[in-house]
There are 4 protein chains.
Amino acid sequence: MIIVMRKDATEESIQKVCKVVEDAGLGVHISRGTDVIIVGVIGDRRKLADKPIELMEGVEKIVPIMEPYKLASRTFHPEPTIVKIGDTEIGGEEFVIMAGPCAVENKEQLFETAEIVKKCGAKVLRGGAFKPRTSPYSFQGLGEEGLKILAEARERTGLAVVTEVVSPEDVSKVAQYADILQIGARNMQNFELLKAAGRSGKPVLLKRGMASTIEEWLNAAEYVMNEGNFQVILCERGIRTFEQKTRNTLDLSAVAVIKHLSHLPVIVDPSHSTGNWRWVAPMSRAALAAGADGLIIEVHPDPERALSDGPQSLKPEKFAELCEDLRKIAPIVGRRL
Amino acid sequence: MIIVMRKDATEESIQKVCKVVEDAGLGVHISRGTDVIIVGVIGDRRKLADKPIELMEGVEKIVPIMEPYKLASRTFHPEPTIVKIGDTEIGGEEFVIMAGPCAVENKEQLFETAEIVKKCGAKVLRGGAFKPRTSPYSFQGLGEEGLKILAEARERTGLAVVTEVVSPEDVSKVAQYADILQIGARNMQNFELLKAAGRSGKPVLLKRGMASTIEEWLNAAEYVMNEGNFQVILCERGIRTFEQKTRNTLDLSAVAVIKHLSHLPVIVDPSHSTGNWRWVAPMSRAALAAGADGLIIEVHPDPERALSDGPQSLKPEKFAELCEDLRKIAPIVGRRL
Amino acid sequence: MIIVMRKDATEESIQKVCKVVEDAGLGVHISRGTDVIIVGVIGDRRKLADKPIELMEGVEKIVPIMEPYKLASRTFHPEPTIVKIGDTEIGGEEFVIMAGPCAVENKEQLFETAEIVKKCGAKVLRGGAFKPRTSPYSFQGLGEEGLKILAEARERTGLAVVTEVVSPEDVSKVAQYADILQIGARNMQNFELLKAAGRSGKPVLLKRGMASTIEEWLNAAEYVMNEGNFQVILCERGIRTFEQKTRNTLDLSAVAVIKHLSHLPVIVDPSHSTGNWRWVAPMSRAALAAGADGLIIEVHPDPERALSDGPQSLKPEKFAELCEDLRKIAPIVGRRL
Amino acid sequence: MIIVMRKDATEESIQKVCKVVEDAGLGVHISRGTDVIIVGVIGDRRKLADKPIELMEGVEKIVPIMEPYKLASRTFHPEPTIVKIGDTEIGGEEFVIMAGPCAVENKEQLFETAEIVKKCGAKVLRGGAFKPRTSPYSFQGLGEEGLKILAEARERTGLAVVTEVVSPEDVSKVAQYADILQIGARNMQNFELLKAAGRSGKPVLLKRGMASTIEEWLNAAEYVMNEGNFQVILCERGIRTFEQKTRNTLDLSAVAVIKHLSHLPVIVDPSHSTGNWRWVAPMSRAALAAGADGLIIEVHPDPERALSDGPQSLKPEKFAELCEDLRKIAPIVGRRL
């Protein structure tokens, strides 16, 4: 951390700043430039988290140098984290496909979808039982009944199950049925939920918030990991921008950035980000080519009759074609499917 | 709602679309243009919420005409809503100032601040007991202890109390101590929390999410109101943009837009939006001039020693000066302070 | 175009609106809903471009249905446009690589780079002679001297040349030396420049503005095409968002959207969008996988000594590796390199 | 400027970096932290503008400390700049109103508007003769004919004239007729135009680009000032965000930030930013309250018949009311109108 002092800062004000830093158990290093004076802070800046140094006399601004997260950082953990769900490894050589309907609607729909996606090579079944919806007048999910159907689908197919949890008090219930707890984009900074998911011990799929920077996203992962749970899978699902032709703007370069900054696996959701089935296949291929560890895709046997987000769901035959393409691209980028 | 069909849509596909609409109990009206065919839907489009018409053959796109929210809409409730907290009316002629520290730190700090802001004309005391923080390593608030200190400050000063609630399971506890429940920006689409706050019967201060459109914000209010609780105060607190000199970009035009679209009162938070005490006074004056119903401002007796967000807190003397300015501007825009 | 009238609009105001539409030579179609009255406009809405119907009594809002551009639209020109530069076809089966340094610095640097990129399979040499720079204190390019070096490199290698033009008065000069005129992101809505480039008759590479919607981008292409020049290549180069880890956010879904809305070829610039050589290879592979028609990449024989944008330039060996990967992926997505 | 080196950087790589810095005539100061090594650069970082130090071995990243602009910076020019147009001073105590139609349509319309705005207290008449429009099919302005009408209106009323120039080759022509040259948002980084406007010697009204940071905006001003022309007026006119209810998001906090960072005057355009006459009056009052030096407002005697941007133009009576409000607010914030 660098404290930039104004050129006209008095010697006294510089000494006061140094004292605050040293009192927190950190070292200081003063450097006098032509236009500014710089106080370099040596040590862990978190010790100064609650000292508003910006307000001290003579201080121009604070410039952070190191990232604020530690557990999620590749600097402190160079080897990639591999999240294991049964025999499936997320973050390793395998490119893992999670697929299924947006919402669990009934047994027939889910079982049919599960068979389809399994046949195409998916390893994880997705399906929402608790659905956060923008309007209170939209379908809100089947709740625990949906969880039971998911668990039954797992029994029948051997697929692992990922499903969203929207409230800290539901975490233990969802953890009973699911293999991976999904934290949705709207809840990325619902810190109580992050902590509860961390304590559950279950792998957590953490979607990026629509307006979240990569740094905030890794800080959110830090909340889960700080509870002792290192099984975190990040999921890029589009950020909010001015462009209106797609629902959100899928930030694929975030995948490459995350791979550089963190050891955690990162997958991509091409369905929610684009909001339109037409762009799902090209964005899925692009995600693999960009270095993602997997995908989470909406597939519905009959999108026209879906109760939620039909327009972004792939039909079974389109999904099968896409998986074929992915299977061919994978080895070129050092993956297998 | 308008369904735009492609120029080459078959008569059969048009009829199918019409049937889906009519089966939902709505009327249709077909209009044939030179480049498109348009199926106008007559009636409440919420009846079609779970029909993915976009996917039907021949359909080019769906264009919504009416807003999806009803209870929050001025169209259906032309008179402004006034939220009453004791003798204070929010949304009426009075311009209401809520002020206090970012976080409750201890009795001394809170009581001192409460006296200061009361003397300057504030009617509501703010102060966080549960603090949602980007990093798990930052100060997280005093919890219930903080709530008790807030309630004690109310006893001493007669100020009403607004404080944040971050989890559905905490709603009843916070409601015991607070006069207004604050839902923070990060939780604007934490729908379980919105519903719980709605059921509490307490007035709710609903901050705009950093990446939330005005329409989503009003939909979030709709969640609270749909529980039968119409005492909702909206709070503009800045949106996330590419500009980095301020923490967020305060969207003051949202105040004017909300006044047009909704009957709910709307206040402004100049502290969190700008992130810097320097911009708080000009943005507060601007908010009043733009038609806001009040402000929520961070004031700290000693910002250099604040445990949270010191850099954006006003010192008592700056706050007093600001209130003087506001008192003079208010009557020019039809308000009193 | 749809004109939405308020529920309480008088019959007289509806008739006035209809008259304005009909006087412009367009048809009207009235549809009365439960909450609104809708006046559908039949015919080309451009005839109403200068009538502010929004202001007429009783009008709630205007909802456009068709895109405002025609020449760039796939609706009116379903077959893909192929831009031919010598034997190279952009927009057809070939995946075209344009590569070279950010700025032309001297003969040695450019000739060396040209040989390298040619050997790897590039068909077009890029290099800036006129450099638009954020600060007046940065290197501004060699000007016409740079153009001459580019032309000489073409003589030596047979590569076509693309270079930026920044002012309408320079168009004829640049057109003398270049095979493709590049319009940079900052000039996407420099309409005088677009028209001058259109009149030049040369193929135009039109970069997307940092804050431009896809619709505005196609409208900018329309300016070029409206001068009778249909040889337009679109180039996605990242949009401005709140994310700060990459210089801009590469919007790869825009490639898929453009392919749906327009017949024009679209290529991707992974260098300027990310601003960091580390992300160039993954984003290049992703662009191909997403359906782009080509790439424009910065390559420099010695990035540490580059006078402009060195940090985003690939070294020759990294570029060669990337081209190998692209060559393998291309046939899977129906392309050849 | 700070060069952050990786913890594992070799002594040799640190020395190499220092050498590059010293060879550029700058000083270095090394500081060794627990996780990083920091090389502080002492002196003007512009001397390193074309050295991609980010690429050198062992370098983690570069952190700029000082702003890149100098002439526009308050640090180097603490006193506010006052731009004088005849008797009118922009940037001083006076709050200056510029008003008029979006486009000059004909003599009658302009003369009528000029009389109205003068009567209400405006000092400058605005009106576009060259109109940059998103679509080539929209009204493009009267060109030089429009300039002549503007000059005639000045003769009749004594108002100064501000009008947009869109191409470097038009600068001398526009400068013949206008008192202030306007550079529009789309051209904020049209550097050839900025330089030509700088050389004209006329005061320049520089609108902020829709996706421009405050820093880029001040750098654009630096282009004009670097030609020896210090008469620059900045104009905030909204930035592009995800919000769609207003055309752009007016960033009023930018006014306060500019006042802190720069000595240049800054005015606000409430018409283009909001795109709707309804929000013009509240945003105008807010701009004054926030500390702006003036406004540029669209007024049209008959907005329903305007050829350009009618929906955002105020009718004369609304404009008169607004000026009354402004006149009352001004003294409270230390201004006069």
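Fair warning: this is a prediction, and the values are worked out from it, not measured in the lab. (Residues numbered from 1 in each chain as written. Chains lettered and ligands numbered in written order. Predicted model: local features only at pLDDT ≥ 70, side-chain atom pairs only at ≥ 80, totals over all residues. Heavy atoms only, no water.)

(A) Geometry of the relation of the copies chain B and chain C. With an axial shift of 0.0 Å and an RMSD of 0.0 Å, the rotation relating chain B to chain C amounts to 180°. Such a combination of rotation and displacement between the chain copies is what one expects of a two-fold axis. The position closest to the rotation axis in chain B is occupied by the C-alpha of F242(B), lying 2.1 Å away. (Least-squares fit on C-alpha atoms with pLDDT ≥ 70 in both.)

(B) Highlighting the interface of chain B and chain C. Listed by partner, the interface residues are 23 residues for chain B and 23 residues for chain C. Interface area, chain B with chain C, both sides summed: about 1900 Å², of which 66% is carbon and sulfur. Taken together, the connections running from chain B to chain C amount to 0 salt bridges. Where chain B touches chain C, the interface holds 2 residue pairs in polar contact (both at pLDDT 80 or more). Taken together, the elements giving at least two residues each to the side of chain B that touches chain C come down to β1 (2-6), β2 (27-32), β3 (36-42) and β4 (59-63) of chain B. With 4 residues, β2(B) is the largest single contributor of residues to the side of chain B that touches chain C. Looking at the side of chain B that touches chain C residue by residue, the class counts come to 11 nonpolar, 7 polar and 5 charged. (Contact = heavy atoms within 4.5 Å. Buried area = accessible area lost by both parts, 1.4 Å probe. Salt bridge = Lys/Arg side-chain N within 4 Å of Asp/Glu carboxyl O. Polar contact = N/O pair within 3.5 Å; in protein donor to acceptor, adjacent residues only side chain to side chain. Helix = DSSP H or I, 4+ residues; strand = E, 2+ residues; numbered from the N terminus. Nonpolar A, V, L, I, M, F, W, Y, C, P; charged D, E, K, R; others polar.)

(C) Representation of the domain arrangement of chain A within the structure. What the domain assignment reports for chain A is domain 1 (2-63) and domain 2 (83-333). If you average the C-alpha positions of domain 1 of chain A and of domain 2 of chain A, the two centres end up 44 Å apart. (Domains from an automatic or database assignment.)

(D) Molecular detail of the interface of chain B and chain A. The interface is formed by 45 residues belonging to chain B together with 45 residues belonging to chain A. Three residues, D50(B), L55(B) and Y137(B), lead the burial of chain B against chain A; their summed loss comes to 17% of the area buried on that side. The interface formed by chain B and chain A holds 2 salt bridges in total. Note that E216(B) is salt-bridged to R240(A), the shortest N-O span being 2.6 Å.

(E) Spatial organisation of the environment of L206(A). Residues and elements named next belong to chain A. Examined against the element boundaries, L206 turns out to sit in strand β11 (residues 204-207). Expressed as a C-alpha distance, the spacing of L206 and P78, which sit 128 residues apart in the sequence, is 21 Å. Those residues within four positions of L206 in sequence are excluded, and the remaining contacts are I183, M188, L194, W217, A220, A221, V232, I233, L234 and C235.

(F) Representation of the pattern of salt bridges. One pass over the structure, following the stated rule, counts 92 salt bridges over all chains. Note that D170(B) is salt-bridged to K173(B), the shortest N-O span being 3.8 Å. Residue classification places D170(B) among the buried positions, given a relative accessible area of 12%. Note that R154(D) is salt-bridged to D179(D), the shortest N-O span being 2.8 Å. Taken as a pair, R154(D) in helix α3 (residues 144-157) and D179(D) in the loop between α4 (171-177) and β10 (180-183) lie far apart in primary sequence, 25 residues in all. According to the relative accessible area criterion, D179(D) is buried, its value standing at 19%. (Buried < 20%, exposed > 50% of the residue type's maximum accessible area, 1.4 Å probe, protein only.)

(G) Representation of the pairing of strand β3 (residues 36-42) of chain D within the structure. Residues and elements named next belong to chain D. Taken across its 7 residues, β3 has 6 buried, putting it largely inside the fold. One ladder, built from 5 bridges, connects strand β1 (residues 2-6) with β3; its direction is antiparallel. Among the inter-strand pairings, I3 is bridged to a residue of β3, identified as V39. In this sheet, β3 lies alongside strand β2 (residues 27-32) in antiparallel orientation, the contact comprising 6 bridges. Bridge pairing in β3 links V28 to V41. (Pairing = 2+ DSSP bridges.)

(H) Region of interest: the side chain of N219(A). For N219(A), the position within the fold is in helix α6 (residues 214-225). Here N219(A) is in contact with P68(A), Y69(A), T134(B), S135(B) and P136(B), once residues within four sequence places are set aside.

(I) Expanded view of the sheet that holds β2(B). Residue and element names in this part refer to chain B. Taken together, 4 strands build an open sheet; the order of strands is β2-β3-β1-β4 and the sheet is antiparallel. Only two strands of the sheet have a single neighbouring strand rather than two, namely β2 and β4. Strand-to-strand, the axes of this sheet are offset by a mean angle of 20°, without reference to chain direction. Running over the sheet, helix α1 (residues 11-23) touches β1, β2, β3 and β4 and is turned about 155° from β2. (Axes fitted to C-alpha atoms, helices over the stretch in contact; angles between N-to-C directions.)

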